[in-house]
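# Observations on the three-dimensional arrangement
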Amino acid sequence: MKAVEIKPDIYWVGAIDWAVRDFHGYITPNGTTYNNYLIVDKQVTLLDAVKHDFAEVTIGNIKGIIEPSRIENLVINHIEPDHASSIDKIMKLIPDATIYITEKGRKGLERYFDTSGWKFKIVKTGDILNIGKRNLLFIETPMIHWPDSMMTYIKEDKLLISQDAFGQHYASASRFDDEFIKCFSVSELEDAVRDYYANILMPFGALIKKKVEEIQKMGLEIDMIAPDHGIIWRDDPSKVIKAYLDMADGKADLVVVIIYDTMWHSTEQMIPPILQGIKDEGVEVKVIKLRSTPMSGAIKEFWKSRGCLVGTPTLNNIMFPSVAEFLSHLRGLRPKKRIVGAFGSYGWGGGAVKEAYEEFKKMGLEVVEPGVQVVYRASSEDEKRCYEFGREFAKRMKEYHGKFL
Ligand code: FEO
């Protein structure tokens, strides 16, 4: 797709990756985009690059606007390879350009590339680069989500180039939110935002809240947010800012998600009575089987819901491998403000449910215990216990949810 003018003389020159389905393990059913932006001013400036496979695409898009050798400045907001791995190819075209980057960004780039001969200018929050009619203000955003990360604000255009923040993994021919929702739905876009946040940004909620509040205190007028993935926000960027503040606060739906796996259906057969118990407390339930769902989809559903029940059979005295993988992945994302419990079947020794609770406690989550376990297969008595467990869990979740309203 050719370049798109997003503001006068500011162009999206990125690439659409319709095909990617495995983004470093994060499953991306809708593909993604690698967005970068070209400003044609007295000093032509390129903000960010793209994934190496798409170097020729962005170079082609730039050539559709200007001769690339006219680029004097390259701003690198983030060095993760999905954005920065084409820098060497771009720098071959603009060897005299100056790279504006954070100190940590520069150190990181030196690990990826032979940077000898590249001119760097290290920037910090508050530094301004005048490129002619425009002033580019740099705002460091360390650990949102890498140490090097920063954003660039263009005052004259009320435009925030936000790198990964506010992005979504969504390949679309639409570049803007208003275009997208004309054809698709608002909820599809909101879901993509939550998916991205849950899988990439969940650990950094406190930092995100602080940084968004800091930007708000800076009094920057923002009428467009252009992230490095997905759709650009121009309809009402304050909506995505609010969504981020809500997610950073751990906002969740009053829903229980049951995330489970099963060997011979015994753990699975515990779900209907548990689910009925939850429903009888007036709470909505969603069920996710791990081996039928990408890990990133399960993480997103966990994050959307206030409560989660994990179902796991015992295999060789420990959790079923897919459940162990899910909980390990979840622990790395440092979830907060969620209430959890576990259930499962076993044949002789047991151990999986106990292990699941140990994982929950390592994460510091609110737990409802004891969980419920059955031997081999649920009897009618066991089904009653499952039902009561579901009811009790839903009651406790409603109380817990009330703390955050
Ligand atoms: Fe899209 Fe952190 O890179």
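The present account deals with the structure reproduced in this document. Bear in mind the structure is a predicted one, so any value in this text is a computation, not a measurement.

Applying the stated criterion across every chain yields a total of one cavity of 30 Å³ or more. Of the volumes computed, that of the largest cavity is approximately 30 Å³. The wall of the largest cavity is formed by Ile59, Ile62, Pro68, Ile71, Ile90 and Leu93.

The next thing to look at is the pattern of salt bridges. Applying the stated rule across the entire model yields 27 salt bridges. Between Asp246 and Lys251 there is a salt bridge, and its shortest N-O distance comes to 3.6 Å. Overlapping salt bridges bring together Asp191, Asp195, Lys286, Lys300, Glu301 and Lys304 as one network.

A word on the environment of Val20. For Val20, the position within the fold is in the loop between strand 3 (15–17) and strand 4 (22–23). A relative accessible area of 10% places Val20 in the buried class. With 196 residues separating them along the chain, Val20 and Gln216 place their C-alpha atoms 35 Å apart. The contact partners of Val20, leaving out residues within four places of it in the chain, are Thr28, Gly31, Thr32 and Tyr34.

Moving on, we get to the sheet that holds strand 1 (residues 4–7). Here seven strands make up an open sheet; going across it, the order is 1-2-7-8-9-10-11 and the pairing mixed. Each of the sheet's edge strands pairs with one partner strand only, and the pair in question is strand 1 and strand 11 (119–122). Strand-to-strand twist across the sheet, computed as the mean angle between neighbouring axes with direction ignored, equals 25 degrees. Here strand 2 (residues 10–12) runs beside strand 7 (residues 37–39); their pairing, made up of three bridges, is antiparallel.

The next subject is the packing of helix 6 (residues 186–201) against helix 10 (residues 295–304). At their nearest, the axes of helix 6 and helix 10 sit 9 Å apart, and the two run at 100 degrees to each other. It follows that helix 6 is roughly perpendicular to helix 10 by the angle criterion. On helix 10, the residues touching Asp191, Arg194, Asp195, Tyr197, Ala198 and Asn199 of helix 6 are Ser296, Ile299, Lys300, Trp303 and Lys304. Tallied by class, residues from the contact of helix 6 with helix 10 come to four nonpolar, two polar and five charged.

Bringing the side chain of Asp148 into the picture now. Its location among the elements puts Asp148 in the loop between strand 13 (135–140) and strand 14 (150–154). One buried charged residue, Asp148, remains without a salt bridge, the closest side chain of opposite sign being Lys104 at 9.4 Å. Separated by 3.2 Å, the side chains of Asp148 and His78 make a polar contact. Setting aside anything within four residues of it in sequence, one finds Asp148 in contact with Asn77, His78, Ile79, Thr102, Lys104 and Gly105.

Moving on to unusual backbone geometry. A cis amide bond, omega 5 degrees, links Ile144 with the succeeding residue His145. Along the polypeptide, His145 turns up in the loop between strand 13 and strand 14. Residue Glu369 is joined to Pro370 through a cis peptide bond whose omega torsion reads 5 degrees. As for its placement among the helices and strands, Pro370 is situated in the loop between strand 23 (366–367) and strand 24 (372–375).

Turning our eyes to something else, we now look at the nonpolar core. Grouped together as the largest cluster of nonpolar side chains are 90 residues, with contacts concentrated most on Phe166, Tyr244, Ile274, Phe326, Leu327 and Phe360. Of the residues forming this core, the biggest block, eight residues, is contributed by helix 6. When neighbours within four sequence positions are excluded, Phe360 is seen to be in contact with Val310, Leu327, Val340, Gly341, Ala342, Leu365 and Val367. One finds Ala3, Met91, Ala97 and Trp118 within the second-largest nonpolar core, a separate group that totals 27 residues.

Looking at where Lys119 falls in the secondary structure, it is placed in strand 11. When its relative accessible area of 42% is taken as the criterion, Lys119 is described as partly exposed. Remark: the alpha-carbon pair of Lys119 and Ile99, spanning 20 residues in sequence, is separated by 6.1 Å. Setting aside residues up to four positions removed in sequence, Lys119 forms contacts with Asp96, Ala97, Thr98 and Ile99. Polar contacts involving the side chain of Lys119 include one to the main-chain carbonyl oxygen of Asp96, which spans 2.9 Å.

Enumeration according to the criterion identifies 13 aromatic pairs in this entry. Measuring from ring centre to ring centre gives 4.5 Å for Phe166 and Tyr244, while their planes differ by 45 degrees; the resulting arrangement is tilted. One end of the pair, Phe166, is in the loop between strand 15 (159–163) and helix 5 (177–183); the other, Tyr244, is in helix 8 (residues 237–248), and 78 residues separate them in sequence. The residues Phe166 and Tyr244 share a single accessibility class, namely buried. When the ring of Phe302 is compared with that of Phe326, the centres are 6.5 Å apart and the planes differ by 70 degrees; the resulting orientation is edge-to-face. Taken together, the residues span a long stretch of sequence, with Phe302 in helix 10 and Phe326 in helix 11 (residues 321–332) at a distance of 24 residues. Residue class for Phe302 comes out buried when judged on its relative accessible area of 1%. Cluster of aromatic residues (ring-pair linked, three or more members): Phe166, Tyr197, Tyr244 and Trp303. Geometry around Phe176 places Arg234 over its ring, the cationic atom sitting 3.7 Å from the centre.

Reported here for the largest pocket is a volume of approximately 590 Å³. Lining of the largest pocket is provided by 22 residues; of these, Val186, Glu190, Lys239, Val240 and Ala243 occupy positions nearest its centre. The greatest single-element share of the lining of the largest pocket, amounting to seven residues, is contributed by helix 6. By residue class, the composition of the lining of the largest pocket is nine nonpolar, one polar and twelve charged. Within this model, the second largest pocket holds a volume of roughly 320 Å³. Those elements giving two or more residues to the lining of the second largest pocket turn out to be strand 20 (314–315) and strand 22 (339–346). Across the lining of the second largest pocket, the residue classes break down as seven nonpolar, nine polar and no charged.

What counts and what doesn't
- Along each chain, the written sequence defines residue order, and numbers are assigned to residues from 1.
- Where totals are concerned, whole chains, interfaces and linings use all residues; where local detail is concerned, this predicted model gives features only for residues with pLDDT of at least 70, and gives and counts side-chain atom pairs only at 80 or more.
- Excluding hydrogens and water, the side-chain figures rest on all heavy atoms present in the structure.
- Method remark: on a 1 Å grid restricted to protein atoms, a set of points is classed as a cavity if a 1.4 Å probe fits but cannot get out and as a pocket if it is open with protein on both sides within 12 Å along at least five of seven lines; lining residues have an atom within 4 Å of a point.
- Grid points are joined across faces, edges and corners, and a volume is the space filled by probe spheres set on the points.
- Counted as salt bridges are all cases of a side-chain nitrogen of Lys or Arg within 4 Å of a carboxyl oxygen of Asp or Glu.
- Here a helix means four or more residues in a row that DSSP labels H or I, a strand means two or more in a row labelled E, and each is numbered from the N terminus.
- In this scheme, a residue with accessible area under 20% of its type's maximum is buried, one over 50% is exposed, and one in between is partly exposed, where area comes from a 1.4 Å probe on protein chains only.
- Two residues form a contact once any of their heavy atoms are found within 4.5 Å.
- A pair of strands is considered paired only if DSSP assigns at least 2 bridges between the two.
- The axes used here are C-alpha line fits, helices contributing only the stretch in contact, and every angle between their N-to-C directions lies in the interval 0 to 180 degrees.
- Working definition: roughly parallel below 35 degrees, roughly antiparallel above 145 degrees, roughly perpendicular at 65 to 115 degrees, and oblique for all remaining angles.
- Charged means Asp, Glu, Lys or Arg here, nonpolar means Ala, Val, Leu, Ile, Met, Phe, Trp, Tyr, Cys or Pro, and polar covers whatever is left, Gly included.
- In this count, Lys and Arg are taken as positive residues and Asp and Glu as negative ones, while His and the chain termini are left out.
- For the purposes of these results, a polar contact is taken to be a pair of N or O atoms within 3.5 Å, where, inside protein, one atom must be able to donate a hydrogen and its partner to accept one; residues adjacent in sequence count only when each atom of the pair is a side-chain atom.
- Take the buried Ala, Val, Leu, Ile, Met, Phe, Trp, Tyr and Cys residues and link them wherever side-chain atoms come within 4.5 Å; each set so joined is a nonpolar core.
- A pair of Phe, Tyr and Trp rings is counted when the ring centres sit within 6.5 Å of each other, with Trp represented by its six-membered ring. The angle between the planes then sorts it: under 30 degrees is stacked, over 60 is edge-to-face, the rest tilted.
- Lysine NZ or arginine CZ positioned within 6 Å of the ring centre and within 35 degrees of the ring normal marks a charge as sitting over the ring.

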